[in-house]
Amino acid sequence: MRILLLVQVGIFFVSLLEAAVASLLFPGPIGVVGNTFAIAALMWFIWAAGRGRSPRSLVWFERSLLVWFLLDTALSLGLAHRPLELVPTLTRLVLPLTILSLVKRTRP
Amino acid sequence: MTSVYFHEGETAVALTDGYVGSPMYGVVSEHWIALILVGVLIAGSRLIRKRLANTAYAGLDHPHRMAFWLLLASAVVHLGLVLGHDLDGYTVLYAAGTILLAAATWLMLRGGRGWRPIVATALAVSLLAYVIAMVAGETPDQVGLATKLAELTALAILLSPRTTRTRYRLIAVNGLTIFLFLLVGVSGWIGAFSGGGGHHLGDVPTPGVLLPIGDDRDPTPAEQAAHDLIVAEVIRHSAQYADLAVAAAAGYDVSDINGSDYHAANEAFKSDDHVFDPQRPENLIYGIADSGEPVLLGVMFEMEKLRQAGPAPAGPLTVWHAHDHVCFTVTGLGPLVSPWGGCPIGHMAVPMTNEMLHIWTVPNAEEPVGELEDWERDAYLSTR
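Report on the accompanying structure. Each chain carries its own residue numbering, running from 1 in the direction its sequence is written. The order in which chains are written sets their letters, starting at A; the order in which ligands are written sets their numbers, starting at 1. Only residues with pLDDT of 70 or above have their local features reported here, since the model is predicted, and side-chain atom pairs are shown and tallied only from 80 upward, although totals for entire chains, interfaces and linings are computed over all residues. Just so you know, side-chain values use all the structure's heavy atoms and leave hydrogens and water out.

All right, on to helix α2 (residues 30-50) of chain A then. Residue and element names in this part refer to chain A. With 21 residues, α2 extends 30 Å from end C-alpha to end C-alpha; this agrees with the ideal 30 Å at 1.5 Å per step. Exposed residues in this analysis have more than 50% of their type's maximum accessible area, buried residues have under 20%, and partly exposed residues fall in between, with area computed by a 1.4 Å probe over protein chains only. Runs of H or I in DSSP of at least four residues are treated as helices and runs of E of at least two as strands, each being numbered from the N terminus. Listing the buried residues of α2 in full gives Gly-31, Gly-34, Asn-35, Ala-38, Ile-39, Ala-41, Leu-42, Phe-45, Ile-46, Ala-48 and Ala-49. The criterion used for residue contact is that any of the two residues' heavy atoms lie within 4.5 Å. The inward-facing, buried residues of α2 contact α1 (2-25) and α3 (56-80). Residue Gly-52 follows α2 closely and has a positive phi angle near 75°. How far a helix is expected to stretch is found by multiplying one less than its residue total by 1.5 Å.

So, in structure tokens, the structure goes:
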């Protein structure tokens, strides 16, 4: 699970970089602040996972990622009539679901 | 299903009905066979697992079994790429990748001592080859990026120490994994932007741009005359908006002009049933000159409904475009959807916008309708 959380950190780091570049063109720090917060949270989850713990907040974190993905998918289907794309399905659906299933397995 | 549109050896992908976009958000047709093979692998995974009962696979822990399957999937994808492409230099490289990754998979199954660094090296070579290809101008697609995601995950598993007590190695592996995600992600952007560009029919669009499907052609004399008339009329009518007070009085939002490509919208004009009316452009475009003053650069017309094709009185000289995979947040625009498939936290991805068309009032612009090159804009702003 630690490694899958690390994969999420890598993905969020790319988004953080993009948000930082975009903030030079468009005003608003939301992307930078949001991704920094997500990375900090994931690092804490990784630290906890290294000690065999999976905090309840990890479950809510992953669930909120899933809700966000479903909203994006609904918008994509509604506006662009576009079905699921491969990479977002892996990074934003399969990855959180796998982490959640591992959390379930490790929790007493 | 995503289809492919070819133009002079380059590839764009039909991302949605009637439009082509960057292959980064789609699947190139030669890569479908790789996806089918992965589907076959998944379907046969139960059978394969049974056959592996007497190999070193049985002794692997769960993360390493996952690494094995990711490695095998990558080898299968590379095989699919060999089968899907005509024979050329890249096909030879795909074949070499297939052999390398298949050999690494076999080493994992054989077990024993010393397989881990060899398998990790094979994955690192495959990732590095991808990064080099992207930086050299190859455009990524969803199959390539998904395969690299699998390889990165497998590599992180293989490099990760078994115990968290080896703190320095853990920190090094974590840092390396994040660095590799950044490297592959950034190289994906480089490939996607260097492999596309232009607003003509038949061009491969850069990420974030959708063009109608069609082929470029020379304009007829009548279309050229229509183009010249439209441009002249737009320049004549919009000259008044060089004065911000006039623009504000007409309903344009010029209260916070910043940057070199500011679009001042007129919300009333966006739903007034006037389409492509030179006297009622939906947006004015300003840039801040070196003197610090806002300067009018052009106008942008916008269609009122999604998927509504803009009128093209000048044929191939009036090609409308839409935008896709744009991230929005409460404060407005953000970046494009990342190669890893998401927007920054707090953003939603808008998958498609209405069609739009720019007309530039910058004197002597190479293409008054369509795209203003950065150097043209910067040169004009520096003189004002």
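This part takes up the environment of Leu-296 of chain B. Residues and elements named next belong to chain B. Mapped onto the elements, Leu-296 comes out in strand β7 (residues 294-302). For the pair formed by Leu-296 and Val-362, sequence separation is 66 residues and the distance between their alpha carbons is 8.1 Å. Contacts of Leu-296, omitting those with residues within four sequence positions, involve Ser-238, Tyr-241, Ala-242, Leu-284, Ile-285, Tyr-286, Thr-361 and Tyr-380.

What follows is about the state of the cysteines. All names here are of chain B. Here, the term disulfide refers to a pair of cysteine sulfur atoms separated by no more than 2.5 Å. Going through the model one piece at a time under the given rule, you end up with 1 disulfide over all chains. At a sulfur-sulfur separation of 2.1 Å, the disulfide partner of Cys-327 is Cys-343. Negative torsions about the S-S bond denote left-handed disulfides, and the value of about -90° found for Cys-327 with Cys-343 makes this one left-handed. Here Cys-327, found in strand β9 (residues 326-329), pairs with Cys-343, found in the loop between β10 (332-336) and β11 (348-350); they are 16 residues apart in sequence, far enough to count as distant. Per residue, the accessibility class of Cys-327 equals that of Cys-343, and both read buried.

Turning next to the sheet that holds β9 of chain B. Residues and elements named next belong to chain B. By the convention used here, strands pair only if DSSP detects at least 2 bridges between them. On the basis of which strands lie adjacent, the open sheet formed by 3 strands has the order β10-β9-β11 and antiparallel pairing. Each edge of the open sheet carries a strand with a single partner, namely β10 and β11. Neighbour-to-neighbour, the strand axes of the sheet open up by a mean angle of 45°, direction not taken into account. As paired strands, β9 and β10 are joined by 3 bridges and run antiparallel to one another. Lines fitted to C-alpha atoms define the axes, with helix axes restricted to the stretch in contact, and inter-axis angles between N-to-C directions lie between 0 and 180 degrees.

A word on the packing of aromatic side chains. Pairing of aromatic side chains here covers Phe, Tyr and the six-membered ring of Trp, requires ring centres within 6.5 Å, and sorts the geometry by plane angle: under 30 degrees stacked, over 60 edge-to-face, intermediate tilted. Summed over the entire model, instances satisfying the criterion amount to 13 aromatic pairs over all chains. Between Tyr-252 of chain B and Phe-269 of chain B, the aromatic rings sit 5.8 Å apart at their centres with planes inclined by 90°, giving edge-to-face as the arrangement. Placement of Tyr-252 of chain B in the loop between α9 (244-249) and β5 (262-265) and of Phe-269 of chain B in the loop between β5 and β6 (283-288) is noted, with a sequence separation of 17 residues between them. The pair Tyr-252 of chain B / Phe-269 of chain B is uniform in exposure class, with both members buried. Placement of a charge over a ring requires the Lys NZ or Arg CZ to be within 6 Å of the ring centre, with the centre-to-atom vector within 35 degrees of the ring normal. Of note, Arg-63 of chain A hangs over the ring of Trp-60 of chain A, and the distance from its end group to the ring centre comes to 4.9 Å. It is Arg-92 of chain A that lies over the ring of Trp-68 of chain A; its NZ or CZ is 4.6 Å from the centre.

This part takes up the environment of Glu-366 of chain B. All names here are of chain B. In this fold, Glu-366 is placed in the loop between β12 (356-360) and α10 (374-382). Of the residues examined, Glu-366 reaches a relative accessible area of 59% and is grouped as exposed. As a C-alpha pair, Glu-366 and Glu-376 span 10 residues in sequence and 8.4 Å in three-dimensional space. Non-local contacts of Glu-366, meaning those with residues more than four positions away in its chain, are made with Trp-375 and Glu-376.

Any empty space left between atoms is shown by rolling a water-sized probe over those atoms. Residue and element names in this part refer to chain A. A cavity here means a set of points on a 1 Å grid, drawn over the protein atoms and nothing else, where a 1.4 Å probe fits but cannot get out; a pocket is an open set with protein on both sides within 12 Å along at least five of seven lines, and a residue lines either one if it has an atom within 4 Å of a point. Grid points are joined across faces, edges and corners, and a volume is the space filled by probe spheres set on the points. Under the definition given, this model contains 5 cavities of 30 Å³ or more. Estimates place the volume of the largest cavity at around 230 Å³. As for the largest cavity, its lining consists of 17 residues, and the residues nearest its centre are Asp-72, Ser-76, Glu-85, Pro-88 and Arg-92. Mapped by element, the contributors of at least two residues to the lining of the largest cavity are α3 and α4 (86-106). Throughout, the ten residues Ala, Val, Leu, Ile, Met, Phe, Trp, Tyr, Cys and Pro are labelled nonpolar, Asp, Glu, Lys and Arg are labelled charged, and all others, Gly among them, are labelled polar. Residue composition of the lining of the largest cavity, grouped by class: 8 nonpolar, 5 polar and 4 charged. Of the pockets and cavities examined, the second largest cavity occupies roughly 140 Å³. Lining the second largest cavity are 14 residues, with Ile-11, Phe-12, Trp-68, Thr-91 and Arg-92 positioned closest to its centre. Mapped onto the lining of the second largest cavity, the elements with two or more residues apiece are α1, α3 and α4.

By themselves, these figures tell us nothing about what the structure is for.
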